[in-house]
Each structure stands twice: as C-alpha cells, then as structure tokens.
Amino acid sequence: MRTIKAIHKASYHPIADLITYNPLPSPKLRQIDPFIFLNHHGFQKYAPNNHGLPFGPHPHRGMETVTFILEGDIMHMDSGGHESVIESGGVQWMTAGKGLIHAEVSSSKFKKEGGNLEILQLWVNLPAKLKMTEPRYLGLQKEEITAFESDVGKVKVQLIAGEWEDKKGSFPTLFPIFMSTIYMQKSGRVQKNIPSTENIFFYVVRGKVKVLGEEIPFRNLVEFNQDGESISIEATEDAVVILGHAAPFNEPMVAQGPFVMNTQEEIMQAYRDYQSGKFGTWNH
C-alpha cells in the first residue's frame, strides 16, 4: 500500500463573492507533477438574479484544465469557437496548448434563478513536447461519462480518463493520465492499483475518508510517498474524492499568471504572442 507523506489543508482565497479554497500549490507543496493547481469553489447557494462565476475572457498556454461541476453549471466559451453549458455531474477538459482565450461563467438560467454551486478546477501540466499543441476542448454531461458501482453500490466511480480494470474513461488524453471522481457512502470501501512510479492526486471534496488508518476530512489534499502499488480508501461518512495519477514529467516548470511553460523566456514569449493576437479572436 502507498503510505502518506503529508496532508495539505486547502487555504481560503475568495474570488469576488465566490467561496474558494486552494490546496495546490501551497507554501509546502509546489506541485504533484504533473498536477499543478486546484481551486475548489463553493459549496455555496446563489440567490436569484446573481452575477454567477466571475471568470471572464482570459488566456492560457502550456497546460490543461479539468473542471468538475458538482453543483450548478458552467458556460464555457473560447477563441477556438467552442461553446457549451455543462451541468451538475458533468466535466470539462480543455487543452490550452499553444494558446487560446476562454471564459467560464454561469448560464443565464443560473444567474436568473440561482441555486447551489460547487465547482473544482484542476490544472494539469503539459510536457515540453506538447506545450505548443493545437488547443482543444471537450465538455460532457454526467450521463455521457463512464460510471460504475462497487462495494454493493456504496461506491460510485465516475471514470473521466484512463482505465480502471476493464473500463475506459470518457475523455481522450494527450499522454497517459488517470482521472476520476469517486462518490462514497459511509462505510464504503474502494481499492485502486497505481504503479509506484506514478504520482497520485488525491483530494477530499466532501465528507471524510480513511487511508491507512488516517482520517482525512474534506478540503484536504493527500501527498503520497513513492512506495506501494495500490491505495485503499474507506469512507467514514458520505464523501466525494477526486483521484488521479500520472507519471511525472521531471521537467523545469515556470508558472506565471495563466501560462505554464519550461523557461522564463517561453513565458515572456507567451505574453508577446497573446498581446499580438496569436491566441485567436474573442467573438463571443
């Protein structure tokens, strides 16, 4: 079994009126290569006639965003012409690659009617050889994503990317990466085989779970050692966990604002390219 190296509590960093917690990066943890950033928005309830999510048009280069919509909705628009509204239980996977502009806001329906909101966004690095790949986007609703149950229905796994035994995730990826959302009822147990050469992304979104006898409450990120070949999770109350894993790139990383590259010069070039219009035109 993998052993725990450290547990990192998410810090509170509200954005406008949006409740936001951020466990990665932190003063003690720069990244879990290739997982580099996580924002946990909500849980909160929006009143009718609200302003919704505040993420207007902004650029990205050199990384990917994986967005988990647990409650509420998110309207995605980008300079590649993609547009969608993904609702509760859905997921978005955007590859910024060589550069694009996107916005993530609430739908007009959500802004008018209000409702519950809980959304998480994870940034995944791209290896140097894929930094300048063509941008792409895929948003899938809950019913379009592979899911299966285990432990007599006490555990439901949403298989986003990669493989779990004989099942395949719903999102194609540019490099081998596993990503899932695990919904657990109290006393539910699940075990996942993970090569010791891969880094694990493990964040408790809701509830409380136990790993190797250690209790981990919600809004905590677990950092694992590079030892055993599997992890076992037990829910001590109803819980939601985001579990991912991938081989580290072991490359230099320079992250500045919305850009994640390998050198400072590449960051400066990204700013120049964005300012000169090379990230596409915003037509929304």
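Residues numbered from 1 in each chain as written. Predicted model: local features only at pLDDT ≥ 70, side-chain atom pairs only at ≥ 80, totals over all residues. Heavy atoms only, no water.

A.B. asks: Looking at this structure, I do not really get the UniProt feature "domain: Pirin C-terminal" (unreviewed entry) in the protein chain. What am I missing?
C.D. replies: Residues annotated in UniProt with the feature "domain: Pirin C-terminal" (unreviewed entry) correspond here to residues 182-280. The span residues 182-280 carries 12% helix and 49% strand; its end-to-end C-alpha distance comes to 36 Å. (UniProt positions renumbered as here; feature names shortened; annotations may be inferred. Helix = DSSP H or I, 4+ residues; strand = E, 2+ residues; numbered from the N terminus.)

A.B. asks: How should the pattern of salt bridges be read in this particular structure?
C.D. replies: A side chain of one charge can pair with a side chain of the opposite charge if their charged atoms are brought near each other. Scanning the model with the defined rule gives 11 salt bridges in all. A salt bridge links D273 to R61, with the nearest nitrogen and oxygen atoms 3.0 Å apart. Note that D273 is positioned in helix α2 (residues 264-275) and R61 in the loop between β5 (55-60) and β6 (63-71), a separation of 212 residues in sequence. Since its relative accessible area comes to 8%, D273 is described here as buried. According to the relative accessible area criterion, R61 is buried, its value standing at 4%. Salt bridges here are not isolated pairs; linked through shared partners, they connect R61, D273 and K278. (Salt bridge = Lys/Arg side-chain N within 4 Å of Asp/Glu carboxyl O. Buried < 20%, exposed > 50% of the residue type's maximum accessible area, 1.4 Å probe, protein only.)

A.B. asks: Is there a simple way to think about the packing of aromatic side chains in this case?
C.D. replies: The geometry of an aromatic ring pair comes down to the distance between the two centres and the angle between the two planes. Within the structure shown, the criterion is met by 12 aromatic pairs. With centroids separated by 5.5 Å and ring planes inclined at 45°, the aromatic side chains of F35 and F201 adopt a geometry described as tilted. Separated by 166 residues along the polypeptide, F35 in strand β4 (residues 35-46) and F201 in strand β19 (residues 199-206) bring together distant segments of the chain. Each member of the pair, F35 as well as F201, carries the same accessibility label: buried. With a centroid separation of 4.6 Å and an interplanar angle of 45°, the aromatic rings of F37 and W123 are classed as tilted. (Phe/Tyr/Trp six-rings, centres within 6.5 Å; stacked < 30°, edge-to-face > 60°.)

A.B. asks: What is the right way to look at unusual backbone geometry in this model?
C.D. replies: Apart from glycine, the bulk of residues carry a negative phi angle, and the bulk of peptide bonds sit in the trans form. Cis geometry is adopted by the peptide bond preceding P25, which originates at L24 and carries an omega value of 0°. Its location among the elements puts P25 in the loop between β3 (20-24) and β4. Phi at E165 is positive, roughly 55°, even though this residue is not glycine. With respect to the helices and strands, the residue E165 is situated in the loop between β15 (163-164) and β16 (167-168). Overall, E165 belongs to the exposed group, its relative accessible area being 69%.

A.B. asks: Hey, could you run me through the UniProt feature "domain: Pirin N-terminal" (unreviewed entry) in the protein chain in this one?
C.D. replies: The sites that UniProt annotates as "domain: Pirin N-terminal" (unreviewed entry) are residues 25-124. The span residues 25-124 carries 6% helix and 59% strand; its end-to-end C-alpha distance comes to 12 Å.

A.B. asks: When you look at the sheet that holds strand β14 (residues 155-161) in this model, what are you seeing that I'm missing?
C.D. replies: Sheets are built from strands paired through backbone hydrogen bonds, the pairs being either parallel or antiparallel. If you trace the 7 strands from one edge of the open sheet to the other, you get β1-β22-β19-β24-β17-β14-β13, paired in antiparallel fashion. Each of the sheet's edge strands pairs with one partner strand only, and the pair in question is β1 (4-9) and β13 (147-150). Averaged over all adjacent pairs, the angle separating strand axes in this sheet is 20°, with direction ignored. Here β19 runs beside strand β24 (residues 239-246); their pairing, made up of 7 bridges, is antiparallel. Of the residues in β24, the one forming a bridge with F202 is L243. (Pairing = 2+ DSSP bridges. Axes fitted to C-alpha atoms, helices over the stretch in contact; angles between N-to-C directions.)

A.B. asks: Hey, could you run me through the nonpolar core in this one?
C.D. replies: Formed by 33 residues in total, the largest nonpolar core has its most connected members in F35, F68, M179 and F201. One finds V155, I182, I216 and I231 within the second-largest nonpolar core, a separate group that totals 25 residues. (Core = buried A, V, L, I, M, F, W, Y, C linked by side-chain atoms within 4.5 Å.)

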